[in-house]
Amino acid sequence: MADTAALRARNAAFWAGAAAGWIRHADRQDEVGRPLGAAAMDRLTARPAERILDVGCGCGGTTAEIAAAVGETGAAIGVDIAEAMVNAARQRYPGIRFHSADIETLDAVPGAPFDAVFSRMTLMLLADPVAGCTTIRRSLRPGGRLAATVFRDSGVNPWLSAAMLGAAPHLGPLPPLPVGDEPGPFSFTDPARITRILTAAGFTAITITPCDVALETTDDADAVAEWLIEVGPAGAAYRTALPTAQASARAGAVRLLDRFREPGAGYRLPAGLWLVTANAAGTPTHHEPREDKSQ
Ligand SMILES: C[S@@+](CC[C@H](N)C(=O)[O-])C[C@H]1O[C@@H](n2cnc3c(N)ncnc32)[C@H](O)[C@@H]1O
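Residues numbered from 1 in each chain as written. Predicted model: local features only at pLDDT ≥ 70, side-chain atom pairs only at ≥ 80, totals over all residues. Heavy atoms only, no water.

- Under an unreviewed UniProt entry, the name given to the protein chain is SAM-dependent methyltransferase, and the organism recorded is Micromonospora vinacea.

Below you can see the structure in the form of structure tokens.
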């Protein structure tokens, strides 16, 4: 397994390279991807006048949803490592504050303390999740709440690798696949690991609940394939490929995504998630926290 500094650099480079795809498909991601965060958004119970942080906010769609819930007397702030996505979020939602930063290397997110933190599909991507979750906990007021979603395992999210596998033979080299606990879509598969990480980061009252949803989208096979390729690990290689290779990559993805398609009706992509909730412990941690793998 690579060391934390190497994983952090790899993560930053990956998201810098992925940003263009996420920006291009931001509206689709907001609309079709909504079920990926809906359970956490419900459990967040954002109230007027609250201050709420959105970690890994991408192009800001969920931050805007939170901003609407807390109203003008509250504040919703988004943080994301990808500067280009943060700039896109600022353009899409000019009244909302967004920060570009690696959550792992901040003492606390500017604007702290927050009443609550929301995060959709980000915590499992952190190079050092204890460091990232510690920043989140330090950014919360004592007792402040966390509501997040992460992927469960690959078996309950079969569509996730389909676009990459279908596209890969037609494209240049892809980023390295994660090994062991390295950051990636399925690094939070084990709920015991999530509990260890959040406990080490100073959270209490941790709950981890399975949640099954489906992403539903139109029956436009080419557009669905391109969206899933561009927001996945093959996105950067796809964007630099020749148009003929791009067309072959889309065709390859379409073939593997076919089992999720009902012709004339559209696609239904099943997604298995963990809904994770926790509260920030009241007292600050004075030592450098680590994940205790012995439990
Ligand atoms: C899978 S995307 C999800 C984006 C958005 N939450 C959504 O659901 O549409 C993960 C996001 O986390 C961000 N991210 C990854 N590592 C991060 C880190 N260490 N600090 C802050 N943001 C990070 C990425 O740039 C990306 O926007």
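1. Quick look at unusual backbone geometry
(1) Moving on: Across the junction of Ala112 and Pro113, the peptide omega takes the value 5°, indicating a cis bond.
(2) Moving on: With respect to the element layout, Pro113 can be found in the loop between β3 (97-100) and β4 (114-120).
(3) Moving on: For Thr45, which is not glycine, the phi dihedral falls at a positive 40°.
(4) Moving on: Along the chain, Thr45 turns up in the loop between α3 (35-44) and β1 (51-55).
(5) Moving on: Taking relative accessible area as the criterion, Thr45 reaches 41% and is therefore assigned partly exposed.
(6) Moving on: Phi is positive for Ala49, close to 80°, though the residue is something other than glycine.
(7) Moving on: Turning to its location among the elements, Ala49 is positioned in the loop between α3 and β1.
(8) Moving on: Its relative accessible area of 42% is what places Ala49 among the partly exposed residues. (Helix = DSSP H or I, 4+ residues; strand = E, 2+ residues; numbered from the N terminus. Buried < 20%, exposed > 50% of the residue type's maximum accessible area, 1.4 Å probe, protein only.)

2. Focus on the site of the ligand
(1) Moving on: Taken together, 19 residues lie around the ligand, and Asn11, Gly56, Asp80, Asp102 and Arg120 are the ones closest in.
(2) Moving on: Ile81 has a polar backbone atom sitting 3.1 Å from a nitrogen atom of the ligand.
(3) Moving on: Within the complex, 96% of the 600 Å² of free accessible area of the ligand lies under protein.
(4) Moving on: Residue composition of the shell around the ligand, by class: 10 nonpolar, five polar and four charged. (Near = heavy atom within 4 Å. Polar contact = N/O pair within 3.5 Å; in protein donor to acceptor, adjacent residues only side chain to side chain. Areas by Shrake-Rupley, 256 points an atom, 1.4 Å probe, with all protein chains shown as cover. Nonpolar A, V, L, I, M, F, W, Y, C, P; charged D, E, K, R; others polar.)

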